[in-house]
Amino acid sequence: MPSALAGGYNWLMKLLYFAWVRERIGRGEETLAVPADVETVADLVGWLRTRGPEYEAALSEAQAVRVALDKVHAAPGASIRGAAEAALFPPMTGG
Amino acid sequence: MPSALAGGYNWLMKLLYFAWVRERIGRGEETLAVPADVETVADLVGWLRTRGPEYEAALSEAQAVRVALDKVHAAPGASIRGAAEAALFPPMTGG
Amino acid sequence: MRAPIMPRVAVQAAPFDVGAEIDRLIAGRTDFGASVVFTGHCRDEGGRIAALELEHYPGMAEKELERIAAEAAARWPIAGLTIMHRTGKVVPGEVIVVVIAIAEHRREALKATEFIMDFLKTDAPFWKKEHLPDGTSTEWVAPKQADDHARATWGRE
Amino acid sequence: MRAPIMPRVAVQAAPFDVGAEIDRLIAGRTDFGASVVFTGHCRDEGGRIAALELEHYPGMAEKELERIAAEAAARWPIAGLTIMHRTGKVVPGEVIVVVIAIAEHRREALKATEFIMDFLKTDAPFWKKEHLPDGTSTEWVAPKQADDHARATWGRE
């Protein structure tokens, strides 16, 4: 609802956490009302860090945290607008 | 027998031929008395070419013919002295 | 003239039957000259590791493997491609990842395999946790700088 | 600290059991993280080829494969290595050559495999003759300039 966003309303986003980000935050997923002024991936990480010490512990190594929007890797400057799901995780170590 | 070689005697060498070199010469192996003045791999190929039209047909593409002495690749300038076996063949196409 | 290939991508908890996967890709085919099968295995690191636990992001993991497969198929004329990755607990010796690439010539199959592994390491959302032999302690595997470097050598996304 | 490896080299007329060769190299081992299995197959080239006949120089063929294996093992810290080559007649789809390299990390195993194939193509005394479907005509396969070039990129020898 673009008009609601433009008006500054919060919007709902599904957050997913993996590996040590998940362990430090203490849950694998949650749905949060994201303030309308949280516009980019970097804004989102910054806002989450204000939510409590467990988030701060998980996300303070900002360089080490990666974000995907709707299951696609996203750069810190990418807009989160329109994304239903954001995932936060450490650098990948598969293979 | 170095003294015999120094004296200019012929010496016996086993010659092996592979692939189209073999087909053109018409045999896979033979033992030949190599003249003492045939000193290098290039000399050997040149001398073999004088032995008949089948050798000339097999060895005239001098760039295309490779030589191994006692089962080790040998450059045209390599000495054939001491080798019991020389093999002549086209560039390899295994793998 | 080559028909576009349909890479096979799978993320699964069950151990792989690599031989069966090779057969599945190549059985009856006579149009390729080179096959490369890469498998990544759980190492015990001299007894330090009892098992690895692989966490993944369901949905995104498959999607990333498909994206990497498509990118490899666009870069090299490969004739067939399989990429599979384990999840959950694996013990030393077991296969974590398998890449099978077939092509007319060896260079394409080898390059595609190398490319896929370089991108998979840095881009596919899997994380390894080490289980140590004492049965209690666990530790997340740290990423390797060498992997970031390897990915960067390919020159673009 | 690594013990020197003993590469397995074989030249044989019988078809390969690639799965058995992989097992033979890796069974029970937990000290490697990467395995690369390269197989070179007889192609039918769209129906142009009925079979390939592989001539070789007995004695020298094994010796060259051993030399190439030793050179690869000296260049990269590989944990195990198998190189096998067919002789005689092979039909489309069959394996002509197999290289299996295992190592702690993927790069060594991949590089060693690429190196071995590049040197094998230009240095190992095997020659391929094509048998065409008409049953009579045969032709020796011409060497590829690309193979000489590939070998030269490794920087010495």
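Predicted, not measured: the structure shown is a model, and the values here were computed from it.

Draft legend 1. Main features of the overall build of chain A. Regarding its fold elements, chain A presents four helices and five strands. Mapped in sequence order, the helices and strands of chain A form the string α-β-α-β-α-α-β-β-β. A compact globule built from 95 residues should have a C-alpha radius of gyration of about 12 Å, and chain A, at 13 Å, falls within 12% of that. Each principal axis of the C-alpha atoms in chain A carries an extent, and together these give about 40 × 30 × 20 Å. Across the 95 residues that make up chain A, the buried fraction comes to 48%. Considering only contacts within chain A whose residues lie at least 6 apart along the sequence, 55% involve residues at least 24 apart. For chain A, the accessible area works out to roughly 4,400 Å², and carbon and sulfur atoms hold 55% of it. One way to put it: in chain A the 9 positive side-chain charges average out to a point 4 Å from where the 11 negative ones average out.

Draft legend 2. Region of the structure containing the sheet that holds strand 5 (residues 88-90) of chain D. All names here are of chain D. Ordered in space as 5-3-7-8, the four strands form an open sheet in which the pairing is antiparallel. Here the strands that pair on one side only, and so sit at the sheet edges, are strand 5 and strand 8 (138-140). Between one strand axis and the next, the sheet turns by 25° as a mean value, whatever way the strands run. Bridging between strand 7 (residues 126-131) and strand 8 involves three bridges; their strand directions are antiparallel. Note that in strand 8 the partner of Lys129 across the bridge is Trp140.

Draft legend 3. Molecular detail of the interface of chain C and chain D. Of the residues lining the interface, 34 residues belong to chain C; the matching set on chain D comes to 33 residues. Roughly 2,600 Å² is buried in total at the junction of chain C and chain D, and carbon and sulfur atoms are behind 51% of that figure. Considering only the side of chain C, the residues that lose the most area to chain D are C:Thr30, C:Arg43 and C:Arg106, jointly responsible for 25% of the buried surface there. Taken together, the links from chain C to chain D amount to ten salt bridges. Between C:Arg106 and D:Asp118 there is a salt bridge, with its nearest N and O atoms 2.8 Å apart. Linking chain C with chain D are 19 residue pairs in polar contact (both at pLDDT 80 or more), by the criterion used here. Counting residues per element, the ones that place at least two in the side of chain C that touches chain D are strand 2 (34-41), helix 3 (106-123) and helix 4 (145-152) of chain C. The dominant element in the side of chain C that touches chain D, judged by the number of residues it contributes, is helix 3 of chain C, at nine residues. Residues belonging to the side of chain C that touches chain D are distributed by class as follows: eleven nonpolar, nine polar and 14 charged. With seven bridges joining them, strand 2 of chain C and strand 2 (residues 34-41) of chain D adopt antiparallel strand pairing. Considered in strand 2 of chain D, the bridge of C:Gly40 is made with D:Ala34.

Draft legend 4. Molecular detail of helix 2 (residues 60-75) of chain C. Taking 1.5 Å per residue as the helical rise, helix 2 of chain C with its 16 residues ought to reach 22 Å, and the 22 Å between its terminal C-alpha atoms agrees with that figure. Residues C:Met60, C:Ala61, C:Glu64, C:Leu65, C:Ile68, C:Ala69, C:Glu71 and C:Ala72 constitute the buried set of helix 2 of chain C.

Draft legend 5. Seen up close, the side chain of C:His85. Mapped onto the elements of the fold, C:His85 is located in strand 4 (residues 78-86). Ignoring any residue separated from it by four or fewer positions in sequence, one finds C:His85 in contact with A:Gly94, A:Gly95, C:Ala10, C:Val11, C:Gln12, C:Phe16, C:Leu54, C:Leu65, C:Ile96, C:Val97, C:Leu120 and C:Phe126.

Draft legend 6. Geometry of the interface of chain A and chain C. Contact residues are listed per partner, giving 21 residues for chain A and 26 residues for chain C. Note on chain A versus chain C: buried area summed over both sides is about 1,900 Å², and carbon and sulfur give 58% of it. On the chain A side of the contact with chain C, A:Lys71, A:Thr93 and A:Gly95 bury the most area, a combined 36% of that side's loss. Seen at the junction of chain A and chain C, the total is two salt bridges.

Draft legend 7. Local environment of the sheet that holds strand 2 (residues 29-34) of chain A. Residue and element names in this part refer to chain A. Across the sheet, which stays open at both edges, the five strands sit in the order 2-1-5-3-4 with mixed pairing between neighbours. Bordering the open sheet on either side are strand 2 and strand 4 (72-74), each of which pairs with just one other strand. On average, each strand axis in the sheet is tilted by 35° relative to the strand beside it, whichever way the strands run. Strand direction decides the pairing type here: strand 1 (residues 11-17) and strand 2, joined by six bridges, are antiparallel. Bridge pairing in strand 2 places Trp11 opposite Val34.

Draft legend 8. Geometry of the nonpolar core. Core analysis: the biggest nonpolar cluster contains 59 residues, and C:Ile83, D:Leu81 and D:Ile83 have the highest contact counts within it. Excluding its chain neighbours within four sequence positions, the residues that come into contact with D:Ile83 are D:Arg8, D:Val9, D:Ala10, D:Leu65, D:Ala69, D:Val98, D:Val99, D:Ile116 and D:Leu120.

Draft legend 9. Seen up close, the arrangement of the chains. Counting contacts across all three pairs of chains found in contact, the highest total belongs to chains C and D. At the C-alpha level, the nearest point of chain B lies 10 Å from chain C, with no contact between them. As for chain D relative to chain A, no contact occurs, and the smallest C-alpha gap between them is 10 Å.

Draft legend 10. Region of the structure containing the packing of helix 3 of chain C against helix 3 (residues 106-123) of chain D. One way to put it is that helix 3 of chain C packs onto helix 3 of chain D with a least axis distance of 11 Å and a crossing angle of 170°. Comparing the axis directions of helix 3 of chain C and helix 3 of chain D gives the class roughly antiparallel. Residue-level contacts link C:Arg106, C:Arg107, C:Leu110, C:Lys111, C:Thr113, C:Glu114, C:Met117, C:Asp118 and C:Lys121 of helix 3 of chain C to D:Arg106, D:Arg107, D:Leu110, D:Lys111, D:Thr113, D:Glu114, D:Met117, D:Asp118 and D:Lys121 of helix 3 of chain D. Partitioned by chemical class, the residues of the contact of helix 3 of chain C with helix 3 of chain D number four nonpolar, two polar and twelve charged.

Draft legend 11. Main features of the packing of aromatic side chains. What the rule picks out here adds up to 20 aromatic pairs over all chains. Chaining the aromatic ring pairs together yields one cluster made of A:Phe18, A:Phe89, C:Tyr57 and C:Trp127.

Draft legend 12. Structural context of the pairing of strand 7 of chain D. Residues and elements named next belong to chain D. Here strand 7 lies mainly inside the structure; six of its six residues are buried. Neither face of strand 7 is exposed, since Phe126, Lys128 and Glu130 on one face and Trp127, Lys129 and His131 on the opposite face are all buried. Here six bridges tie strand 3 (residues 51-56) to strand 7, and the two strands are oriented antiparallel to one another. Looking at strand 7, one finds that Glu55 is bridged to Trp127. Hairpin connection, strand 7 to strand 8: the antiparallel pair is bridged by six residues, and Gly135 has positive phi, about 85°.

What counts, and where the lines are drawn
Residues numbered from 1 in each chain as written. Chains lettered and ligands numbered in written order. Predicted model: local features only at pLDDT ≥ 70, side-chain atom pairs only at ≥ 80, totals over all residues. Heavy atoms only, no water. Helix = DSSP H or I, 4+ residues; strand = E, 2+ residues; numbered from the N terminus. Rg over C-alpha atoms; globule rule 2.2 N^0.38 Å. Buried < 20%, exposed > 50% of the residue type's maximum accessible area, 1.4 Å probe, protein only. Contact = heavy atoms within 4.5 Å. Areas by Shrake-Rupley, 256 points an atom, 1.4 Å probe, with all protein chains shown as cover. Lys, Arg positive; Asp, Glu negative; His and termini not counted. Charge placed at Lys NZ, Arg CZ, Asp CG, Glu CD. Pairing = 2+ DSSP bridges. Axes fitted to C-alpha atoms, helices over the stretch in contact; angles between N-to-C directions. Buried area = accessible area lost by both parts, 1.4 Å probe. Salt bridge = Lys/Arg side-chain N within 4 Å of Asp/Glu carboxyl O. Polar contact = N/O pair within 3.5 Å; in protein donor to acceptor, adjacent residues only side chain to side chain. Nonpolar A, V, L, I, M, F, W, Y, C, P; charged D, E, K, R; others polar. Expected span 1.5 Å × (residues − 1). Core = buried A, V, L, I, M, F, W, Y, C linked by side-chain atoms within 4.5 Å. Parallel < 35°, antiparallel > 145°, perpendicular 65-115°, else oblique. Phe/Tyr/Trp six-rings, centres within 6.5 Å; stacked < 30°, edge-to-face > 60°.

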